[in-house]
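Spelled out from the first residue to the last, the chains are:
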Amino acid sequence: MLPNHKDENESPPKGSFPWQMILFTAALTAVGLFSLLLEKPAVSEMEQRELAKMPALNWQTWFDGTFSREFDAFYADTFPMRDLLVTFSSSMKESLGVRYDDVRILGSADAPVDLPDAPSSQPEPVSRPETSQGQGQEQSSQPEENSSSTASVPPPAPAGEDDIGINNSGIFIYKGMGMSLFGGNASVGQVYAENINAYHEVFGDSVRVFSMVVPTSAEFYLPEKYQELSNSEWDAIQGIYSHLADGVTGVDAYSAIAAHTDEYLYFNTDHHWTGRGAYYAYTAFAKAAGFQPLNIQTDYTIKKIDNFLGSLYRQTQDSKMRERGDFVEYFIPAVEASALITFKDQPYTKSNWTVWAEGVSGGNGYLVFLCGDAPMIQIDTGVHNGKSIVIVKESYGNAFAPFLIPHYEHIYVVDERHFQTSLVEFIEQNGVNDLLFLNNAFSAMTAYHVHNLQKLMYQVYVPPVIEPEESQVESVPEEEEEPKWRGVRRGDEDDEDEDD
C-alpha cells in the first residue's frame, strides 16, 4: 500500500463541520423570507403592466392546483429587485452576440409591398423634401445645442407599438436608437383614404376634413446602407394622399419634420415622436388650416421629465438603448385650458381630467400628454373664438393635441380604438368646425385602424351585460324590461319616436 493513499470511505477529521452547507441554506432561507415579507409592488414601470396578485387560498384552489400556479406567478412577478435582475439577464444574453456596425436587428419588417403610382386624375406628388442632415445620414452622438433647445438633447429615435401596428419582430437598433422597420400595405392605405373621404361626403362643406399621416423615425434615421430593410414612408404617405377626395386636405407633416431632423424629434427608446416632433407637425397643420402657429422658442413654458425609457426598450432590454436614454419635453402655452374625459362604458358621462399629467415620471413619461389614451378627452380653452375641432387619433395624437389650445375654443380628442358612440352624431351635436384624422404611417396602413374609422361613423353603444347575483334574481319583477339604449345611426329618428 502506498504510504500517502487515503481511503475514500475515511470519515472527515474529528471536529470538522459542514459550515458551507449551513451558510448556503441560511442564505436561501433569508432570501425566501425577505421576498415574502417585503411590500409587494402592484405594477412594473419597466414593463408597463400590472403584476400578478396574491391568489385566494381555499380548499378548491388548493386541491385543483390553481393556487400553486397563481402563487408561482405572483412570487416570480414580485421578487425583490426583479427589474434589476431582468436587466442583468438581458445584458448577459446580449453579450453573447456581436454588434456589426454598432447595429442590432431583431427580426425583419413586414413583407415590402409595391406602392402604386398616383392615379392620372390626381396631380403628381411633390418632390421628396431633403432632411436637415440628409436622408438616412448618420446622426452625431449628441446634437449641438441651438437656440430652440432648452437642454442638451439626446439624439433622435424610434417608432412602433400595438396601438400603432408595431412590428414586434422588426426592430432596428443603431447606436442605441430603436426604430421599427416599415412594411406598409398600399391597398389598406387606399381604404384608409376612402374611409376619410366618407366623412367629407357626410358633412360636405359644413366641416373641414383634414388627414395627417405622420412618418416614423426609421424614415429619417435609418443608416443609408440599411434602408432597403424598410419601405419608404414618403411613398406610402403620398399614395394615401393621392386617394383623398377633393375637399379633404392632406397635411404635409413629412416636410415640416424633415426640415428639422437635427433636433430631438423622436425618442431613442420609444416608438412615439417627442413633443418637439409633434410641434413641427402642428406648424404644418397651422399652414393647412390657415392660422399662425406659436413660436417654439418664445411662446411656451418648456418643461421636461428625465430618465424616460420607453416601449422599444421594454421589448428589447437593449443595453445601448438604456445607455442612450431619453427625456420627455412638453410645451405649455400661456392660454387657459381645462379638460374633461369620458371613460370606457360611460360615453355620456364626463369627469374632470388634465391636459398635462405633470406627476408622471420615468418610464411613464409619455403619459404627461393627456395622461394617456381615453375614448374622448375634451379640452376647453380661454380662446372663446367659437371654433372647435375633433382629432381622431391613436397615441401619436396625444402629444399633438395640446398645441391647438391657442387656436380653438373646444378640442375633442377622440381615440379611434376606444370611442363608443357615433362620431358623425357627436360632430353634429357639438357644432364642430374641423375634423382631423392623425395617424402615423404604421396605423394608416394597418387594417385594424382602418376598420375603426369606418366603424366610428354610426356605431351604436351597447352597454355591457351584467349578470345579476343569484340572491338578486328573484327581486327583479318579470315584467320589468331592460332600459332602451337609443341608436345613433341616421334614419333612426322614426324608431326613437315609436319607442317614446
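What counts as what
- Residues numbered from 1 in each chain as written.
- Predicted model: local features only at pLDDT ≥ 70, side-chain atom pairs only at ≥ 80, totals over all residues.
- Heavy atoms only, no water.
- Helix = DSSP H or I, 4+ residues; strand = E, 2+ residues; numbered from the N terminus.
- Buried < 20%, exposed > 50% of the residue type's maximum accessible area, 1.4 Å probe, protein only.
- Contact = heavy atoms within 4.5 Å.
- Areas by Shrake-Rupley, 256 points an atom, 1.4 Å probe, with all protein chains shown as cover.
- Pairing = 2+ DSSP bridges.
- Axes fitted to C-alpha atoms, helices over the stretch in contact; angles between N-to-C directions.
- Core = buried A, V, L, I, M, F, W, Y, C linked by side-chain atoms within 4.5 Å.
- Parallel < 35°, antiparallel > 145°, perpendicular 65-115°, else oblique.
- Left-handed = near helix turned anticlockwise from the far one by under 90°.
- Nonpolar A, V, L, I, M, F, W, Y, C, P; charged D, E, K, R; others polar.
- Salt bridge = Lys/Arg side-chain N within 4 Å of Asp/Glu carboxyl O.
- pLDDT = per-residue confidence, 0-100.
- Expected span 1.5 Å × (residues − 1).

Next up on the list: the overall build of the chain. When its secondary structure is counted, the chain shows 17 helices and 15 strands. With 500 residues in all, the chain has 48% of them scored as buried. Long-range pairs, those at least 24 residues apart, make up 76% of the contacts in the chain between residues at least 6 apart in sequence. About 25900 Å² of surface is accessible on the chain, with carbon and sulfur atoms providing 53% of the total.

Strand order in the open sheet formed by eight strands is β7-β6-β15-β13-β14-β12-β10-β11, with mixed pairing between adjacent strands. Both edges of this open sheet fall to β7 (248-251) and β11 (351-353), since each of them pairs with a single strand only. Taking each pair of neighbouring strands and ignoring which way they run, the sheet shows an average axis angle of 25°. Pairing of strand β13 (residues 388-393) with strand β14 (residues 410-415), which is carried by six bridges, proceeds in the parallel orientation. The residue of β14 that forms the bridge with S388 is H410. Packing against the sheet, helix α5 (residues 186-203) makes contact with β6 (208-214), β7 and β15 (434-440), and its axis sits at approximately 175° to β15. Helix α7 (residues 233-242) contacts β6 and β7 of the sheet and is inclined by roughly 165° relative to β6.

The next point concerns the nonpolar core. In globular proteins that are soluble, nonpolar side chains generally tend to be buried together. In terms of nonpolar packing, the biggest core is built from 111 residues, with M212, W273, F285, V390, F400, L404 and L435 touching the most fellow members. Here this core takes nine residues from helix α9 (residues 275-289), the largest share from any one element. Beyond its immediate sequence surroundings of up to four residues, F400 is in contact with M212, W273, A278, A281, Y282, F285, I391, L436 and L438.

With that settled, the discussion passes to the pairing of strand β4 (residues 171-174). The two faces of β4 match: I171 and I173 on one face and F172 and Y174 on the other face are all buried. Of the strand pairs in this sheet, strand β3 (residues 103-106) and β4 are connected by four bridges, and their pairing is antiparallel. Paired with L106 across the strands is I171, a residue of β4. Bridge analysis of β4 against strand β5 (residues 177-180) gives four bridges, and the strand direction is antiparallel. Among the inter-strand pairings, I173 is bridged to a residue of β5, identified as G178. Taken together, β4 and the strand that follows it, β5, pair antiparallel across an intervening segment of two residues, in which K175 is found at a positive phi of about 50°.

Glancing now at unusual backbone geometry. With a phi angle near 50°, K175 is a residue other than glycine that sits in the positive phi range. Tracing the chain through its elements places K175 in the loop between β4 and β5. On the basis of relative accessibility, which here comes to 33%, the residue K175 falls in the partly exposed class. With a phi close to 65°, L370 is a non-glycine residue in the positive phi region.

Read across the open sheet, the three strands follow the order β3-β4-β5; overall the sheet is antiparallel. The open sheet has two edge strands with one neighbour each: β3 and β5. Adjacent strand axes in the sheet meet at a mean angle of 15° when their direction is disregarded.

For the pair α5 and helix α15 (residues 447-456), interaxial distance at closest approach is 9 Å and the crossing angle is 15°. In terms of axis orientation, α5 runs roughly parallel to α15. As for how α5 packs across α15, the hand of that crossing is left-handed. Residues V188, V191, Y192, N195, I196 and Y199 of α5 form the contact with α15, whose participating residues are A447, V450, L453, Q454 and L456. Taken together, the residues of the contact of α5 with α15 sort by class into nine nonpolar, two polar and no charged.

Under the criterion given, the structure shown has ten salt bridges. The partner of R276 in a salt bridge is E263, and the shortest N-O contact between them spans 3.5 Å. With R276 in helix α9 and E263 in the loop between α8 (253-258) and α9, this residue pair connects regions lying 13 residues apart in the sequence. What makes E263 buried here is its relative accessible area of 8%.

On average, the chain scores 78 in pLDDT, and the residues at 70 or more come to 65%. Overall, residues 108-126 carries pLDDT values under 50, and its contacts beyond four positions in sequence, including any with other chains, amount to 35 contacts.

Across its 15 residues, α9 extends 20 Å between first and last C-alpha, which sits within 8% of the 21 Å expected from 1.5 Å per residue. Within α9 the residues assigned to the buried category are G275, R276, G277, A278, Y279, Y280, A281, Y282, A284, F285, A286 and A289. Once α9 ends, the next one or two residues include G290, with phi positive near 85°.

Mapped onto the elements of the fold, I411 is located in strand β14. Exposure remark for I411: the relative accessible area of 0% places this residue in the buried category. For I411 and V390, which are 21 residues apart along the polypeptide, the C-alpha to C-alpha distance reads 6.1 Å.

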